[in-house]
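Next come the chains, spelled out residue by residue.
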Amino acid sequence: MRFELKPPPHALPTTSVPKVMRHVIYALAPAAFAHVWFFGWGICINALIATAAALGAEALMLRVRSRPVKPALLDGTATVTAVLLAFAIPPLAPWWVPVIGAVSAIVLAKHLYGGLGSNLFNPAMVGYAVLLISFPVEMTYWLPPRGAELGHSPVGAWDSLRFAVTGSLPQALAVDAVTQATPLDLVREGLTSMQTLAEVQAGPLFGGMGGRGWDWVNSLIAVGGLYLLFRGIIRWHIPVSMLAAIAVLAAVFHTLDASRFASASFHLFSGASLLGAFFIATDPVSAATTNRGRLIYGAGIGILVYAIRTWGGYPDGVAFAVLLMNATVPLLDRYTRPRIYGRPR
Amino acid sequence: MSTGTPIARGLLPERLIIPMDQQAGPAAVPVVEVGQRVRKGEMIGRPGGLRSAGVHASASGTIGAIREGPVPTVNGLTTSLCVHLQTDGRDEQAPSEGWPRERDARIDAICNAGIVGLGGAVFSTAEKLRDDAECDLLILNGAECEPYISCDDMLMREHPLEVVRGALAMMDLTGAESTVFAVERDKPDALRAVREAAAQLGDTRIEFARVPTVYPAGGERQLVELLTGREVPSGSYPPAAGCICQNVGTAFALDRFMRRGEPLTSRIVTVTGNGVAHPANVEVPIGTPIGDLIHFCGGYRGDVTRLILGGNMMGYALPGDNLPITKAGNCIVAAHADEIRESTGEWPCIRCGDCADVCPPRLLPQQLLRAATVRDFDQLDSLGLNDCIECGCCDIACPSQIALTERFRQAKQAWAVVSQRAAMADLATRRHRRKLARLAAQTEDIHRQQDDLIAAIGSEDSRAMIEAAVARASRRRGESDTAH
Ligand code: SF4
Ligand code: SF4
């Protein structure tokens, strides 16, 4: 009798890349539902367009680089990038916004650096940064949440789709009239126009911690993040250090001057703090890989997020904070190696 | 599972293939001839040097042949001299030689009795016991080395007295101050059995420890850390951390030898996997062809794609089943295609760090992988390539399903070759330098002689010598002038 000769270990692997990506999508699902409930179907339309564009770009790039196309399309990584990007794009967006975002993410950030596993920067955040810098106006088309009672009914699925395709709304609705700034935008504008925080936060968009609707979306993002933690798909180090850094900074400044600096809970529950902490900063490829490195990396992102939001030129800073810290990863990986068993320090 | 039934006994194949190379040290040297009749327990190979061990007939019978053949050793499949023994089924025992009184004689007797570490490393037990290093702790390793293996569990359950007695003997031989007997959490029956045995023997010196069932807790280095918090320094063995580790199977073998004078001629082997009809733990005479062992367990079942010696984490695949079970053979897995890893392709490393989370010596397999791909040996060295115990944990955890362990194994080999070459080149350079230096010294010697001469030319008596020579010369000239 003859048997095959393969090197050990012979035990079955416990996980796979597609499985990991599938769980990330599952973890995002509840927050996506909340998003649909509060802000309409826009996120789904964007996610579909972005996914199609991302997969197309992925296939094209693999072709160009003469790599096998099918396994890479099935690994789910491009899909996750596209879906994360969709969370960052306003629900009301012309079709080319998610397309350009997704194509930049896949082509610029991923394949020009060597494809899956080799990219230095987080693809979704590169796509987002490209959009934010190139189309600053379109990136502000956020909608008021359901229940904010601003006199407008939320834009329906049909209208969103129509806007995505044609770039315009029905006659009765003007873009300026239906869109609404995000709570972070409002805080920023209010503070620059010398309002106090209390005055800004008395507006109809606020309520709860991070703003109407956002509280729900972000809480469900946190639930999804805990699911990933529980499944062992992400580790606690990055989310904890990042959120802790934001919370500590916010709490200190809020205590110093509550009229100019928002509270820790506002910072944690608005913008992309939780999405960033659980889903973006934890992107394995572009994050630090050692535990100590992860703590530093997460804390760095948290500090930068707070700094950009408070003193920088953008209302939210998660994307830039992540991209900046991405650049430090090779160094972090190198200088935070754990001590090897049986070796001196 | 293979723990449902008691240890199966009575296996006696018609032919035994007993390799001389079964231990970590040098191979044994055959002391029998073809055609010779031997009894069970008779020495057929004497220890071939330090760290070697005796090899004995595992049954009575006639020596059929002594020739080179393939043998699965700890270092993979190699060839070794094997004694082929035609068994006669009479089970005649060689007379025992008795247990000596002196410590040194006892240790020599253990060496001759062929007792080696039965956990899989087959390191000479005598050598471990002889070592006078400052070892204050004896660790009895009752933690299986791999998830599939249950031979130690069964042994503790069925022979707790022998195991504990063996452990006590080891304590006396090493003079260790304390002894910790480690048993995994999920083996309460085994723990209870050995505890009761210790109580029955009136022993209070042995401390029992329950260790978590986390592969590879049974690995010596990991066990030392788990039990004592000490670390075995990189590149050395547990004695460097003041510990001696002995497997429970070894303790059992030692007790058998002490009490009955029986050398090591059999061991417990776990036979498991979906591809074997009746998985079981079997007491197997050393040298039994694996095919006979499988047959004893009801034969193959279904389509067996891989036959693994050792567990499915660190064991290696065998080409065929005509190879013998050696003292290192703790487990045979006959596996169907669906219970083993198929290398169907890998994704690129996504840097998730899951590999690092499970690596027992706390390496960074993902960084090692990168360095191994480009064969950056300096980087591999500082990342601790040689501290990799090849446990396979990183492979199993890797979502990209990268064959990390195999890459590290290959990198180690490549490194060994490269450093050997470097050492050779270094040696050649040094030799060349020495030669140059020698030549230079010789030249210098000649120069010095010449210098001495020249210096001598400048001195007083040499002037007189020269003058005398000149006078001699002119006189000769004068003489020759007159001669014309
Ligand atoms: S587990 Fe695999 S994919 Fe993850 S970092 Fe390690 S080698 Fe890379
Ligand atoms: S095989 Fe992998 S997990 Fe095991 S010691 Fe080596 S690098 Fe670490």
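Residues numbered from 1 in each chain as written. Chains lettered and ligands numbered in written order. Predicted model: local features only at pLDDT ≥ 70, side-chain atom pairs only at ≥ 80, totals over all residues. Heavy atoms only, no water.

All names here are of chain B. Of all residues adjacent to ligand 2, which total 13 residues, the nearest are C359, C388, I389, C391 and C394. Elements that contribute at least two residues to the shell around ligand 2 include exactly α12 (393–397) and α13 (404–458). Residues belonging to the shell around ligand 2 are distributed by class as follows: ten nonpolar, two polar and one charged. (Near = heavy atom within 4 Å. Helix = DSSP H or I, 4+ residues; strand = E, 2+ residues; numbered from the N terminus. Nonpolar A, V, L, I, M, F, W, Y, C, P; charged D, E, K, R; others polar.)

This part covers the sheet that holds strand β16 (residues 331–336) of chain B. Across a sheet, paired strands are connected by hydrogen bonds in the backbone, their directions being either parallel or antiparallel. Residues and elements named next belong to chain B. An order of β13-β12-β16-β14-β15 is seen for the five strands of this open sheet, with the pairing classed as mixed. In this open sheet, the two edge strands, each paired with only one partner strand, are β13 (280–285) and β15 (316–318). Taken pair by pair, the neighbouring strands of this sheet meet at an average axis angle of 30 degrees, ignoring direction. Pairing between strand β14 (residues 304–309) and β16: five bridges, direction antiparallel. Considered in β16, the bridge of L307 is made with A334. Along the sheet, helix α3 (residues 151–158) makes contact with β12 (266–272) and β13, crossing β12 at roughly 125 degrees. (Pairing = 2+ DSSP bridges. Axes fitted to C-alpha atoms, helices over the stretch in contact; angles between N-to-C directions. Contact = heavy atoms within 4.5 Å.)

The next subject is the sheet that holds strand β7 (residues 76–87) of chain B. Residue and element names in this part refer to chain B. The strand order across the open sheet formed by four strands is β1-β7-β6-β3, and the pairing between neighbours is antiparallel. Strand pairing shows two members of the sheet lacking a second neighbour, β1 (15–19) and β3 (37–38), which therefore form its edges. Note that strand β6 (residues 61–73) and β7 share twelve bridges and pair antiparallel. Considered in β7, the bridge of T73 is made with G76.

Residue and element names in this part refer to chain A. Taking 1.5 Å of rise per residue, the 20 residues of helix α12 (residues 237–256) would be expected to cover 28 Å, and the 28 Å separating its terminal C-alpha atoms lies within 8% of that figure. Every buried residue of α12 is listed here: H237, I238, P239, S241, M242, L243, A245, I246, A247 and A250. Check the buried side of α12 and you find it contacts α13 (264–269), α14 (273–280) and α15 (291–311). (Expected span 1.5 Å × (residues − 1). Buried < 20%, exposed > 50% of the residue type's maximum accessible area, 1.4 Å probe, protein only.)

We now examine the pattern of salt bridges. All told, the structure shown has 43 salt bridges over all chains when counted by the stated rule. Across the pair K6 of chain A and E4 of chain A runs a salt bridge whose closest N-O atoms are separated by 3.8 Å. Residue E4 of chain A is classed as partly exposed on the basis of its relative accessible area, which comes to 23%. With a shortest N-O distance of 3.5 Å, R39 of chain B and E42 of chain B are connected by a salt bridge. (Salt bridge = Lys/Arg side-chain N within 4 Å of Asp/Glu carboxyl O.)

We now examine the site of ligand 1. The immediate surroundings of ligand 1 are formed by C349, I350, R351, C352, G353, C355, Q366, C398, P399, S400 and L404 of chain B. When the residues that make up the shell around ligand 1 are grouped by side-chain class, the tally is seven nonpolar, three polar and one charged.

Let us now look at the packing of α3 of chain B against helix α7 (residues 248–260) of chain B. Residues and elements named next belong to chain B. With their axes 9 Å apart at the nearest point, α3 and α7 run at an angle of 45 degrees to one another. Here α3 lies oblique to α7, going by the angle between them. Here the hand of the crossing between α3 and α7 comes out left-handed. Each of D152, L155 and M156 in α3 lies in contact with α7, whose residues at this interface are V248, G249 and F252. Residue classes in the contact of α3 with α7 are distributed as four nonpolar, one polar and one charged. (Parallel < 35°, antiparallel > 145°, perpendicular 65-115°, else oblique. Left-handed = near helix turned anticlockwise from the far one by under 90°.)

With that settled, consider the side chain of S241 of chain A. Of note, S241 of chain A is situated in helix α12. Overall, S241 of chain A belongs to the buried group, its relative accessible area being 10%.

Turning our eyes to something else, we now look at a positive patch on the surface. Together, R431, R434, K435 and R438 of chain B line one region of the surface with positive charge. Residue classification places K435 of chain B among the partly exposed positions, given a relative accessible area of 46%. (Patch = residues over 30% accessible without salt bridge, like charges linked within 9 Å, V, L, I, M, F, W, Y side chains within 5 Å. Areas by Shrake-Rupley, 256 points an atom, 1.4 Å probe, with all protein chains shown as cover. Lys, Arg positive; Asp, Glu negative; His and termini not counted. Charge placed at Lys NZ, Arg CZ, Asp CG, Glu CD.)

A separate point is the interface of chain B and chain A. Facing 63 residues of chain B, the contacting portion of chain A comprises 41 residues. If you sort the residues of chain B by the area they bury against chain A, W347, I350 and R351 of chain B come out on top, with a joint share of 15%. At the boundary of chain B and chain A, one finds seven salt bridges. For the salt bridge of D354 of chain B with R235 of chain A, the shortest nitrogen-to-oxygen distance reads 2.6 Å. Our count for the contact surface shared by chain B and chain A stands at 32 residue pairs in polar contact (both at pLDDT 80 or more). Of all the elements in the fold, those that place two or more residues in the side of chain B that touches chain A are α6 (220–228), β14, β15, α9 (354–358), α10 (365–373), α11 (377–382), α12 and α13 of chain B. (Buried area = accessible area lost by both parts, 1.4 Å probe. Polar contact = N/O pair within 3.5 Å; in protein donor to acceptor, adjacent residues only side chain to side chain.)

What follows covers the packing of aromatic side chains. All told, the structure shown has 14 aromatic pairs over all chains when counted by the stated rule. With a centroid separation of 5.9 Å and an interplanar angle of 50 degrees, the aromatic rings of F3 of chain A and Y300 of chain B are classed as tilted. In this pair, F3 of chain A sits in the segment before α1 (17–39) while Y300 of chain B sits in the loop between α8 (290–296) and β14, so the two residues belong to two different chains. Judged by its relative accessible area of 6%, F3 of chain A is buried. Each ring, one from F39 of chain A and one from W214 of chain A, has its centre 4.8 Å from the other, and the planes form 35 degrees; the classification is tilted. (Phe/Tyr/Trp six-rings, centres within 6.5 Å; stacked < 30°, edge-to-face > 60°.)

Let's shift gears to the confidence of the model for chain B. Confidence in the prediction of chain B, expressed as mean pLDDT, is 89, and 96% of residues score 70 or more. Scored as a whole, the predicted complex attains pTM 0.85, and scored at its interfaces, ipTM 0.90. (pLDDT = per-residue confidence, 0-100.)

With twelve residues, helix α4 (residues 77–88) of chain A should cover 16 Å at 1.5 Å per step; its first-to-last C-alpha distance of 17 Å lies within 8% of that length. Of all twelve residues that make up α4 of chain A, eleven are buried, and the element is covered over most of its length.

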